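Residue-level structural notes
Residues per chain, in single letters:
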Amino acid sequence: MQTVVITGGTDGLGKGLALHYLRQGAHVIAVGSTPEKGRALLAEAAALPAGRAAFVRADLTSVAATRDLVNRLTGEHPVVDKLVLCAQRYRLFGGRAVTPEGFEHSFALAYLSRYVLSHGLHDALRAAPRPVIMNVGTPGVPLGRIHWDDLQLARRYSGARATLQSFRANDLLGVAFGVRHAGGGVPYVGYNPGVVSTGMPASLPQPLRAVAKAFFTLFATSVPKAIAPMTALLDDPPGEPFTAHWQRRRLSPDGRAFDRQDALRLHDLTRDLIAA
């Protein structure tokens, strides 16, 4: 039985992947922050005859809590076959929020948690016969940048700037992971699912919420359709240490978004940040 760990596994794409792999007979560990959504997933899973589901509540805005999650997962599951990183909560409006550990909220949730889980679960993944990490974000989108002199956006914060920086940081995370663990046999896949029909518009204020819902109704891909190319990559991952994909299209590794020196620079900065 494969072990599949999915952050954001009780909502949207994460939940769709969780139910898919449960139907395939896997042991799925869905990580989320809301017990009600966890119970709802387990109720759906109970009706499926094949797989085994578990819900783990974790605050992924906390580096300490994410490290505790890594220790729990590796203690209970010395072999992890797939790690899918979907957890995200958009904070496009409102003021800058800082976690108790002093990190800007989007940077902590959407990037630092993925950094800690990726590197922390490497050995458990390496023990699997065909492991893979998939980081779900926006590779290929030419928006946003790393604010090297102000990573926590203390001086020039906006919700959009913070969200886009976290996406660009995840592009570099995949590159750096591939370099740091070259030869480890754990391919890292950066994946852009495009516009998917999820509950994201509900987090927006009116009238933007209504506009977003109308846009999603017209143009968004359904979750079952969106996960098909994702599961194809997860079940037959590329052989290279890092690849990036926009739906079924493989992206060129060239260009600033996947710059090796920037990736290693961010890796080192991140390591020092969370060590402190």
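These notes cover the structure that comes with them. (Residues numbered from 1 in each chain as written. Predicted model: local features only at pLDDT ≥ 70, side-chain atom pairs only at ≥ 80, totals over all residues. Heavy atoms only, no water.)

**Quick notes on the pattern of salt bridges**
A full pass over the atoms with the stated rule returns 13 salt bridges. When the shortest N-O distance is used, the salt bridge between R155 and D149 registers 3.4 Å. Both residues of the pair, R155 and D149, count as exposed. As a salt-bridge pair, R271 and D272 come within 3.4 Å of each other at their nearest N and O atoms. The class for R271 is partly exposed, based on a relative accessible area of 37%. Here D272 falls in the partly exposed class, since its relative accessible area comes to 45%. By sharing partners, the salt bridges in this structure join D149, R155 and R156 into a single network. (Salt bridge = Lys/Arg side-chain N within 4 Å of Asp/Glu carboxyl O. Buried < 20%, exposed > 50% of the residue type's maximum accessible area, 1.4 Å probe, protein only.)

**Regarding a nonpolar patch on the surface**
A surface patch of nonpolar side chains, about 260 Å² in accessible area, is lined by Y90, L92 and F93. Locating F93 in the fold gives a position in the loop between β4 (82-85) and α4 (105-120). Exposure remark for F93: the relative accessible area of 46% places this residue in the partly exposed category. (Patch = residues over 30% accessible without salt bridge, like charges linked within 9 Å, V, L, I, M, F, W, Y side chains within 5 Å. Areas by Shrake-Rupley, 256 points an atom, 1.4 Å probe, with all protein chains shown as cover. Helix = DSSP H or I, 4+ residues; strand = E, 2+ residues; numbered from the N terminus.)

**Some details on helix α6 (residues 159-180)**
The terminal C-alpha atoms of α6 lie 31 Å apart, and with 22 residues this matches the ideal 32 Å at 1.5 Å per residue to within 8%. Summarising burial for α6: 17 of the 22 residues are buried, a large majority. (Expected span 1.5 Å × (residues − 1).)

**Remarks on the packing of α4 against α6**
The N-to-C vectors of α4 and α6 enclose an angle of 15 degrees; their axes lie 8 Å apart at closest approach. In terms of their interaxial angle, α4 and α6 are classed as roughly parallel. Considering only the axes of α4 and α6, their crossing is right-handed. Touching S106, F107, A110, Y111, R114, Y115, S118 and H119 of α4 are A162, T163, Q165, S166, A169, N170, L173 and F177, all from α6. (Axes fitted to C-alpha atoms, helices over the stretch in contact; angles between N-to-C directions. Parallel < 35°, antiparallel > 145°, perpendicular 65-115°, else oblique. Left-handed = near helix turned anticlockwise from the far one by under 90°. Contact = heavy atoms within 4.5 Å.)

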